[in-house]
Amino acid sequence: MSTPNPNHEKFMRRAIEMSRRGSLEYSTGGVFGAVLVKDGKIVSEGMNRVVASHDPTWHAEMETIRLACITLQSFKLPGCTLYTSAEPCPMCMATCYWAGIEQVFYAATVEDAFEYGNFDDRPIYEQLALPKEQRSIIRGHVCRTRNQLYPDPRSQPQSWCRVGNHVASHRSLLNTDG
């Protein structure tokens, strides 16, 4: 794990500047900005563009992580630190885990974002804390037959499917030989 950078304040100020630019100067979305740092240098920066792009996933953290992955030519970002103007939402935090980001620092808490900006992630946190069966979004697993998904057996991907308590590859489940 990387050591804390002595330039925390500089990087946090830049994240806050990105949030100001996105919300006040460009009007692209909410008051959220982020920068990603590796080896004491800013690799990428981003701002919220949800409104301008009509994309609920275009958060400042997501833009920053995407640009860092492109810049570093890797979907993993070891040794990197994310600075963001507000505590990351569950989607952005999950992306930090997927990318292997080692540290995340933020200025405003979830509670601050609600109190001062009327951004409320709390219902999402509440839903994720519930058992899957009690969540408001209906979920279901569908496993189709080979003929529906892959008329040509040579095009079948090697992927996995849960059938009852058994997990098997699609090829083994859909194999029509023998």
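Further up the page is the structure itself.
A. Structural context of the overall build of the protein. Along its length, the protein carries 8 helices and 6 strands. N-terminal to C-terminal, the α/β element order of the protein is α-β-β-α-α-β-α-β-α-α-α-β-β-α. Residues counted as buried form 31% of the 178 residues belonging to the protein. Partitioning the contacts of the protein with sequence separation of at least 6, the portion at a separation of at least 24 is 43%. Surface exposure of the protein reaches about 11,500 Å², of which carbon and sulfur atoms provide 57%.

B. Just the environment of Asp39, in detail. Its place among the elements puts Asp39 in the loop between β1 (33-38) and β2 (41-47). For Asp39, a relative accessible area of 69% gives the class exposed. Along the sequence, Asp39 and Thr81 sit 42 residues apart, while their C-alpha atoms lie 9.2 Å from each other.

C. Structural context of the sheet that holds strand β3 (residues 80-86). The mixed open sheet is built from 4 strands, whose spatial order is β2-β1-β3-β4. At either margin of the open sheet sits one strand with a lone partner, and together these are β2 and β4 (103-108). Ignoring strand direction, the axes of neighbouring strands in this sheet form an average angle of 15°. Pairing between β1 and β3: 5 bridges, direction antiparallel.

D. Summary view of the packing of helix α3 (residues 60-72) against helix α4 (residues 90-99). Two elements in contact, α3 and α4, have axes whose closest approach is 9 Å; the angle formed by their N-to-C orientations is 20°. As far as their axial angle goes, α4 and α3 are roughly parallel. Regarding α3 and α4, the two cross each other, and that crossing is left-handed. Residues Glu61, Met62 and Ile65 of α3 touch α4, and the partners they reach there are Met91, Cys92, Thr95, Cys96 and Ala99. Looking at side-chain class alone, the contact of α3 with α4 contains 6 nonpolar, 1 polar and 1 charged residues.

E. Representation of the packing of aromatic side chains. Counting across every chain of the model gives 3 aromatic pairs. Aromatic side chains Phe11 and Tyr83 sit 5.3 Å apart centroid to centroid with 45° between the ring planes, which places their arrangement in the tilted category. Here Phe11, found in helix α1 (residues 8-25), pairs with Tyr83, found in strand β3; they are 72 residues apart in sequence, far enough to count as distant. Taking relative accessible area as the criterion, Tyr83 reaches 1% and is therefore assigned buried. Note on Phe32 and Phe119: the rings are 4.7 Å apart at their centroids and 75° apart in plane angle, and the pair reads as edge-to-face. A residue pair is termed long-range when its members are at least 10 positions apart, and Phe32 in the loop between α1 and β1 and Phe119 in the loop between α5 (110-117) and α6 (122-129) qualify at 87 residues. Members of the aromatic cluster, connected to one another through ring pairs, are Phe11, Tyr83 and Phe105. Over the face of the ring belonging to Phe114 we find Arg122, whose NZ or CZ atom lies 3.9 Å from the ring centre.

F. Local environment of the side chain of Thr95. For Thr95, the position within the fold is in helix α4. Leave out the neighbours within four places in its chain, and Thr95 touches Met62 and Ile65.

G. Quick peek at the pattern of salt bridges. Going through the model one piece at a time under the given rule, you end up with 6 salt bridges. Among the ionic pairs, Glu9 bridges to Arg13, the shortest N-O distance being 2.8 Å. With Glu9 and Arg13 both in helix α1 and 4 residues apart, the pair spans about one turn of that helix. Residue classification places Glu9 among the exposed residues on the basis of a relative accessible area of 53%. Overall, Arg13 belongs to the exposed group, its relative accessible area being 55%.

What counts, and where the lines are drawn
- Within every chain, residues take consecutive numbers counted from 1 along the sequence as written.
- Given that this is a predicted model, residues contribute local features only at a pLDDT of at least 70 and side-chain atom pairs are listed and counted only at 80 or more, while totals for whole chains, interfaces and linings are drawn from all residues.
- As a rule here, side-chain values come from all non-hydrogen atoms in the structure, and water together with hydrogens is ignored.
- Put simply, DSSP marks the helices as runs of H or I at least four residues long and the strands as runs of E at least two long, and each gets a number from the N terminus on.
- Between buried and exposed lies partly exposed: a residue is buried under 20% and exposed over 50% of the maximum accessible area for its type, with that area taken using a 1.4 Å probe on protein chains only.
- Contacts were defined at the residue level, with two residues in contact if any of their heavy atoms lie within 4.5 Å.
- Residue-level accessible areas treat just the shown protein chains as cover; the underlying method is Shrake-Rupley with a 1.4 Å probe.
- In this description, strands pair whenever DSSP reports at least two bridges between them.
- Here an angle of 0 to 180 degrees is reported between the N-to-C directions of two axes, which are lines fitted to C-alpha atoms, with helices fitted over the stretch in contact.
- Reported orientations rely on four angle classes, namely roughly parallel under 35 degrees, roughly antiparallel over 145, roughly perpendicular from 65 to 115, and oblique for the rest.
- Each crossing is labelled by how the near helix is turned from the far one, with a counterclockwise turn of less than a right angle marking it left-handed and a clockwise turn marking it right-handed.
- In the scheme used here, Gly and all other residues not listed as nonpolar or charged are polar, with Ala, Val, Leu, Ile, Met, Phe, Trp, Tyr, Cys and Pro taken as nonpolar and Asp, Glu, Lys and Arg as charged.
- Each pair of aromatic rings taken from Phe, Tyr and Trp, with Trp reduced to its six-membered ring, is defined by centres within 6.5 Å and is described as stacked if the planes are under 30 degrees apart, edge-to-face if over 60, and tilted in the remaining cases.
- Two conditions define a charge located above a ring, namely a distance within 6 Å from the ring centre to NZ of Lys or CZ of Arg, and an angle within 35 degrees of the ring normal.
- The term salt bridge refers to a pairing of a side-chain nitrogen on Lys or Arg with a carboxyl oxygen on Asp or Glu at a separation within 4 Å.

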